[in-house]
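# Remarks on the overall topology
The primary structure of each chain is shown beneath.
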Amino acid sequence: MNLDWIAPAERVKKLPAYPFARLDELKQKAREQGLDLIDLGMGNPDGATPQPIIEAAVKALQNPANHGYPPFEGTASFRRAITNWYYRRYQVVLDPDSETLPLLGSKEGLAHLALAYINPGDVVLVPSPSYPVHFRGPVIAGGNVYSLILKPENNWLIDLNSIPEAIAQQAKILYFNYPSNPTAATAPREFFEEIVAFAKKYEILLVHDLCYAELAFDGYQPTSLLEIPGAKDIGVEFHTMSKTYNMAGWRIGFVVGNRHIIQGLRTLKTNLDYGIFAALQAAAETALQLPDSYLQEVQTRYRTRRDFLIQGLMQLGWNIPKTKATMYLWVPCPAGMSSTDFALWVLQQTGVVVTPGNAFGVGGEGYVRISLIAQHDRLDEVLQRFKKAGICYQAEFAVSSSQ
Ligand SMILES: Cc1ncc(COP(=O)(O)O)c(C=O)c1O
């Protein structure tokens, strides 16, 4: 049957192939066979949303005032909670009306920002590897993605000097994300200063994704773009409630920063959605007001998992530097294996799911991402299964150093 009449639009056809297809197929098969899968492939925090947030949501649910369409621009009270949190965390003053916008999760906002600002053919600078929406959003919008290949020898930082002058001149947007998914790399404050200067010089709209704002360890405090003088002239920063507060299923995040950039996104979104259920905004407000003791608990949880897994992988031949933030380990594949082959091999041999690095763009080839989203007994089980299956790292032949 000829299906041309229901062919998707070019913007959908142009999307890079879905890299998880084979992995998903094998996961499904393993589940059907009753195998005990350990899925460390997603960025989905395990465990429950903290009780005070749930209680705030239940209370807000009981209030009929929350049952109608929410305000397009988010509730005034949630926007104020965002600016209060921002000031408390970064000593940055923001106007709740014009410099904040609640989102249906940061993924939604990141993708729609591309639609709001990219014309077909516009050049968009995107690191590789990066969180897929950073490049898929611009592709959907018809942009020309110029990949900034990140390298381990540069600590997975963007090398701004490697961007050709002509490309910098044409670029409309630069997306970036530190602490990073998937590499877990962090960027020093000087890097933020350099990228702001670069964006100002070339008049590029700067989009920072601070998804892992609070998942940092050993005293490290991630930098906010807006802490950098002048950043608000050219940039915005995306935040999520999903990771710090175990609220991934609630779908709520926000963007802050340059009022003109936010206005464009708001205009687009008022034509596409009605914003977030007001009861969820009330709950998110409570989340932003949780005491620091809650944050310490979350940080300890991920830090101890990090230490446990790094130690265990070390005994299997990997030498993974201690990550300062995020919920991920970025692990080189052994003996010249591609990231897809390694992830499939690990799944077939052990029932452990890891994410092939090429899912995050060509710059992720030669690595897999392991999410720290299981309790110690399960992580121990992962290490036992690796040991039993002979899964280890062979440094001499590693592809990692040449990537
Ligand atoms: C860097 C980064 N940005 C954004 C998101 C999406 O977050 P949200 O749940 O707010 O859509 C993720 C999720 O994994 C992420 O890793």
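Worth saying up front: this structure is predicted, and the values here are computed from it rather than measured. (Residues numbered from 1 in each chain as written. Predicted model: local features only at pLDDT ≥ 70, side-chain atom pairs only at ≥ 80, totals over all residues. Heavy atoms only, no water.)

This paragraph deals with the site of the ligand. Looking at the ligand, there are 13 residues lining it, with Asp209, Tyr212, Thr240, Ser242 and Lys243 nearest. Between the ligand and the protein, one listed contact pairs an oxygen atom with a backbone N or O atom of Ser106 at 2.7 Å. Here an oxygen atom of the ligand and a backbone polar atom of Lys107 are 2.9 Å apart. Protein chains bury 93% of the 400 Å² of accessible surface belonging to the ligand in isolation. Using a 2 Å cut-off from the grid points, one finds that the ligand occupies the largest pocket. Classifying every residue of the shell around the ligand by side-chain character gives three nonpolar, six polar and four charged. (Near = heavy atom within 4 Å. Polar contact = N/O pair within 3.5 Å; in protein donor to acceptor, adjacent residues only side chain to side chain. Areas by Shrake-Rupley, 256 points an atom, 1.4 Å probe, with all protein chains shown as cover. 1 Å grid on protein atoms, 1.4 Å probe; cavity = no way out; pocket = protein on both sides within 12 Å on 5 of 7 lines; lining within 4 Å. Sits in = over half its atoms within 2 Å of the grid points. Nonpolar A, V, L, I, M, F, W, Y, C, P; charged D, E, K, R; others polar.)

This next bit is on the side chain of Glu108. In this fold, Glu108 is placed in helix H5 (residues 106-117). Overall, the relative accessible area of 13% leaves Glu108 in the buried class. Apart from the residues lying within four places of it in its own chain, the contact partners of Glu108 are Leu103, Lys269 and Asp273. (Helix = DSSP H or I, 4+ residues; strand = E, 2+ residues; numbered from the N terminus. Buried < 20%, exposed > 50% of the residue type's maximum accessible area, 1.4 Å probe, protein only. Contact = heavy atoms within 4.5 Å.)

Here His208 is to be found in strand E6 (residues 205-209). When sequence neighbours within four positions are dropped, the list of residues in contact with His208 reads Phe176, Asn177, Tyr178, Phe192, Thr223, Leu225, Val236, Glu237 and Phe238.

Strand order in the open sheet formed by seven strands is E2-E8-E7-E6-E5-E3-E4, and the pairing between neighbours is mixed. For this open sheet the edge positions go to strand E2 (100-103) and strand E4 (144-149), each flanked by a neighbour on one side alone. Within the sheet, the average angular offset between the axes of one strand and its neighbour, ignoring direction, is 20°. The sheet contact formed by strand E3 (residues 123-128) and E4 spans six bridges and is parallel. Paired with Val124 across the strands is Val145, a residue of E4. Running over the sheet, H5 touches E2, strand E5 (171-176), E6, strand E7 (235-240) and strand E8 (253-257) and is turned about 155° from E7. Along the sheet face, helix H8 (residues 189-202) touches E3, E5 and E6 and points at about 165° away from the line of E5. (Pairing = 2+ DSSP bridges. Axes fitted to C-alpha atoms, helices over the stretch in contact; angles between N-to-C directions.)

What follows deals with the packing of helix H11 (residues 292-315) against helix H13 (residues 376-389). At a minimum axis separation of 10 Å, H11 and H13 run at an interaxial angle of 15°. In terms of orientation, H11 lies roughly parallel with respect to H13. Where H11 crosses over H13, the handedness of that crossing is right-handed. Together, Thr304, Arg305, Phe308, Leu309, Gly312 and Leu313 of H11 and His376, Leu379, Asp380, Leu383 and Phe386 of H13 make up the contact between the two elements. (Parallel < 35°, antiparallel > 145°, perpendicular 65-115°, else oblique. Left-handed = near helix turned anticlockwise from the far one by under 90°.)

Here the focus is H5. Given 3.6 residues per turn, any residue in an α-helix points the same way as the ones three and four places further on. For H5, which comprises 12 residues, the first-to-last C-alpha distance of 16 Å matches the rise-based estimate of 16 Å (1.5 Å per residue) to within 8%. By the burial criterion, the buried members of H5 are Ser106, Glu108, Gly109, Leu110, His112, Leu113, Ala114 and Tyr117. (Expected span 1.5 Å × (residues − 1).)

The three strands lie next to each other as E9-E12-E11, forming an open sheet whose pairing is antiparallel. In this open sheet, the two strands that pair with only one neighbour each are strand E9 (328-332) and strand E11 (355-356). By the bridge criterion, two bridges tie E11 to strand E12 (residues 367-371) in an arrangement that is antiparallel. In the sheet register, Thr355 faces E12, and the bridge partner there is Arg369. Against the sheet, H11 makes contact with E9 and E12, and its axis sits at roughly 15° relative to E9, the strand it touches most. Of the strands in this sheet, E11 and E12 are in contact with helix H12 (residues 339-350), which crosses E12 at around 45°.

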